Amino acid sequence: MPEAKRTHQLTRMWGGLSSIERGAAPSTDDWRVCSDAVNLMESLVTAGWVEDAQGLLADAVRALALAGRRHLAGGAIRLDAAGIQAVRAVLEDYAAALAQIDHRTMIYAHRATELRIREIHQGRKRPHDVEVMAL
């Protein structure tokens with residue numbers, strides 16, 4: 001992946017997580033960039049290009065879904081301690097993957113993630129799917 005694009009994506013991702021962890025009012029965009037990175041990591045793991053090195057991918061997905069539900073119910077977009085740990089670990093793995101995976105593979109991962117989300121919206125969920133939400 002070109003360095004400028006990788007730097008931009010990682011800067012937004014880490015900024016989003018920082019805002020969710022410590023910001024006065026985390027935004028839906030903060031949640032979205034973290035969710036996008038976690039979803040892309042899931043696609044990379046599912047395709048076998050990377051491993052879920054710390055085994056926290058499912059926990060990160062669940063934590064972000066809970067934060068999204070909390071926001072939809074009128075609360076702040078926040079993660080509990082276990083959620084912060086899981087999301088941070090997956091984002092670290094994702095950052096490492098971006099440094100090693102070629103641009104073409106990342107484009108494939110983006111497309112696979114889009115198709116998976118479309119399938120979920122059409123009611124074709126997989127057993128491990130939590131939910132898809134738009135904040």
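Throughout what follows, the structure given in this document is the object of discussion. For every chain, the first residue of the written sequence is number 1, and numbering continues from 1 along that sequence. Totals for whole chains, interfaces and linings use every residue, but because this is a predicted model, local features are given only for residues with pLDDT of at least 70 and side-chain atom pairs only at 80 or more, for both listing and counting. Hydrogen atoms and water are omitted, and side-chain values are computed over all heavy atoms in the structure.

### What to know about the pattern of salt bridges
Throughout this description, the term salt bridge denotes a Lys or Arg side-chain nitrogen within 4 Å of a carboxyl oxygen of Asp or Glu. According to the stated counting rule, one finds seven salt bridges in the structure shown. When the shortest N-O distance is used, the salt bridge between arginine 12 and aspartate 29 registers 2.7 Å. Here arginine 12, found in helix 1 (residues 3-22), pairs with aspartate 29, found in helix 2 (residues 28-46); they are 17 residues apart in sequence, far enough to count as distant. By relative accessible area, arginine 12 is classed as partly exposed at 37%. Burial classification: accessible surface area is computed with a 1.4 Å probe over protein chains only, and a residue below 20% of its type maximum counts as buried, one above 50% as exposed, and the rest as partly exposed. Owing to a relative accessible area of 34%, aspartate 29 belongs among the partly exposed residues under this scheme. The shortest N-O distance in the salt bridge between glutamate 114 and arginine 111 comes to 3.4 Å. Here glutamate 114 pairs with arginine 111, and both are found in helix 5 (residues 103-121), just three residues apart, close to one helical turn. Accessibility expressed as a relative area gives 43% for glutamate 114, which makes it partly exposed. Under the DSSP-based scheme used, a helix requires at least four consecutive residues in state H or I and a strand at least two consecutive residues in state E, with every element numbered from the N terminus.

### A word on the packing of aromatic side chains
Under the pairing criterion, centres of Phe, Tyr and Trp rings, with the six-membered ring standing for Trp, must be within 6.5 Å; the plane angle then separates stacked pairs below 30 degrees from edge-to-face pairs above 60, leaving the rest tilted. Per the counting criterion, the structure on display carries one aromatic pair. A centroid spacing of 5.0 Å and a plane angle of 90 degrees characterise the contact between tryptophan 49 and tyrosine 108, whose relative ring orientation is edge-to-face. Of the two residues, tryptophan 49 is situated in the loop between helix 2 and helix 3 (57-72) and tyrosine 108 in helix 5; the sequence distance between them amounts to 59 residues. In this structure tryptophan 49 comes out as partly exposed when scored by relative accessible area, which is 39%.

### With respect to the nonpolar core
Residues belong to one nonpolar core when they are buried, are Ala, Val, Leu, Ile, Met, Phe, Trp, Tyr or Cys, and are joined through side-chain atoms within 4.5 Å. If you look at the biggest cluster of nonpolar residues, it comprises 33 residues, and the most contacted ones within it are Val38, Leu44, Leu79, Val87, Leu91 and Tyr94. Looking at this core element by element, the count peaks at nine residues for helix 4 (residues 81-100).

### Observations concerning the side chain of asparagine 39
Tracing the backbone through its elements, the reader meets asparagine 39 in helix 2. Owing to a relative accessible area of 17%, asparagine 39 belongs among the buried residues under this scheme. Every residue in contact with asparagine 39, bar those within four places of it in the chain, is listed here: Thr113, Arg116 and Ile117. In this description, contact between two residues means that some pair of their heavy atoms is separated by no more than 4.5 Å.

### Examining the packing of helix 2 against helix 5
The description of two packed helices rests on the angle between their axes and on the distance between the axes. Under this scheme, a helix contributes an axis fitted over its contacting stretch, all axes are lines through C-alpha atoms, and angles between N-to-C directions fall in the 0 to 180 degree range. Put simply, helix 2 and helix 5 touch, their axes get as near as 9 Å, and they point 105 degrees apart. On the basis of their axis angle, the class for helix 2 and helix 5 is roughly perpendicular. Along its contact with helix 2, which presents Asn39, Leu40, Glu42, Ser43 and Leu44, the element helix 5 presents Thr105, Met106, Ala109, His110, Ala112, Thr113, Arg116 and Ile117. Here the term charged refers only to Asp, Glu, Lys and Arg, the term nonpolar to Ala, Val, Leu, Ile, Met, Phe, Trp, Tyr, Cys and Pro, and the term polar to all other amino acids, Gly among them. Taken together, the residues that form the contact of helix 2 with helix 5 break down as six nonpolar, five polar and two charged. Our angle categories are set so that under 35 degrees counts as roughly parallel, over 145 as roughly antiparallel, 65 to 115 as roughly perpendicular, and the remainder as oblique.

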